[in-house]
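Breakdown of the fold
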Amino acid sequence: MEEATATFAALLDGSPAEEYLHGRAFQSETLERSQIGYVGADVPGFTQYRGMISIPYLTRAGAVSMKFRHVDDRREPKYLGLPGLEGKPRLYGVTALDRTEDFLVITEGELDRMAADQAGLPAVGLPGVDTWRGPYRQLVIKGGYRTVYFLADNDDKGQGRALAEKVAEDVRGLRVILMPEGMDVNKMIMERGEEALRARMGL
């Protein structure tokens, strides 16, 4: 996994993936920190993902899993996982749990987590609306956070709000922050800026 992560990250520069992500206001430093890459070469075991964005799941020990996203938003499904791992979703961005802030932010999806991280927020991401699991609850509770925020998407048919309600059943005192109508975290930052997001959270 580490070798594939490094290979794809080295192929990001000048790629369609980099152009797409810069178009969504992601800075190069954010992409480097997250080791985002581009599957621009045939790597054994990854040929079916050629032309996609690679999103490694990083821990203290390095990359432990990986997802892939189409550059073309019209392609469905937008995301693909590694064979055998689709039914074993992980929390994205667990390195944020090592930060020292007394609050934690939960987002839906990898790109929203990257957007929150770029805004300086200690954030983790749930990889999809159906992926909240009990072990995630334990990771959050063990952090001893004063406040846990859930930044709920408002660009779907209510799935984001439903996911927030599911998480709220497990995380006592969860503060659900609904994004403006038609927006997720990334889009809100793109259109209104990082300070607008912080103001919406009361920070």
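One structure accompanies this document, and this report is about it. Remember, it's a predicted structure, so these values are computed and weren't measured experimentally.

A few words now on the packing of helix α7 (residues 185–192) against helix α8 (residues 194–201). Contact geometry of α7 with α8 gives a least axis separation of 7 Å together with a crossing angle of 120°. Classified by the angle their axes make, α7 and α8 are oblique. Counting all contacts with α7, which are made through Val185, Met188, Ile189 and Arg192, the residues of α8 involved are Glu194, Ala196, Leu197 and Arg200. Of the residues in the contact of α7 with α8, the class split is five nonpolar, no polar and three charged.

With that settled, the discussion passes to the packing of aromatic side chains. Tallied over the full model, the rule gives seven aromatic pairs. Arranged with centres 3.9 Å apart and planes meeting at 5°, the rings of Tyr49 and Phe68 form a pair that is stacked. Within this pair, whereas Tyr49 is found in the loop between β1 (37–38) and β2 (52–59), its partner Phe68 is found in strand β3 (residues 62–70), the two being separated by 19 residues in sequence. Overall, Tyr49 belongs to the buried group, its relative accessible area being 3%. Consider the rings of Phe103 and Tyr149, whose centres lie 5.9 Å apart with planes at 90°: the pair is edge-to-face.

Extensive coverage of β3 is indicated by the burial of eight of its nine residues. Judged from the eight bridges that link them, β2 and β3 form a sheet pairing that is antiparallel. Across the sheet, Tyr57 pairs through a bridge with Ser65, a residue of β3. In this structure, the hairpin formed by β2 and β3 is closed by a connection of two residues. Across three bridges, β3 lies against strand β4 (residues 79–81) in antiparallel orientation. Pairing of Phe68 across the sheet is with Leu80, part of β4.

Rules of the game
Residues numbered from 1 in each chain as written. Predicted model: local features only at pLDDT ≥ 70, side-chain atom pairs only at ≥ 80, totals over all residues. Heavy atoms only, no water. Axes fitted to C-alpha atoms, helices over the stretch in contact; angles between N-to-C directions. Helix = DSSP H or I, 4+ residues; strand = E, 2+ residues; numbered from the N terminus. Parallel < 35°, antiparallel > 145°, perpendicular 65-115°, else oblique. Contact = heavy atoms within 4.5 Å. Nonpolar A, V, L, I, M, F, W, Y, C, P; charged D, E, K, R; others polar. Phe/Tyr/Trp six-rings, centres within 6.5 Å; stacked < 30°, edge-to-face > 60°. Buried < 20%, exposed > 50% of the residue type's maximum accessible area, 1.4 Å probe, protein only. Pairing = 2+ DSSP bridges.

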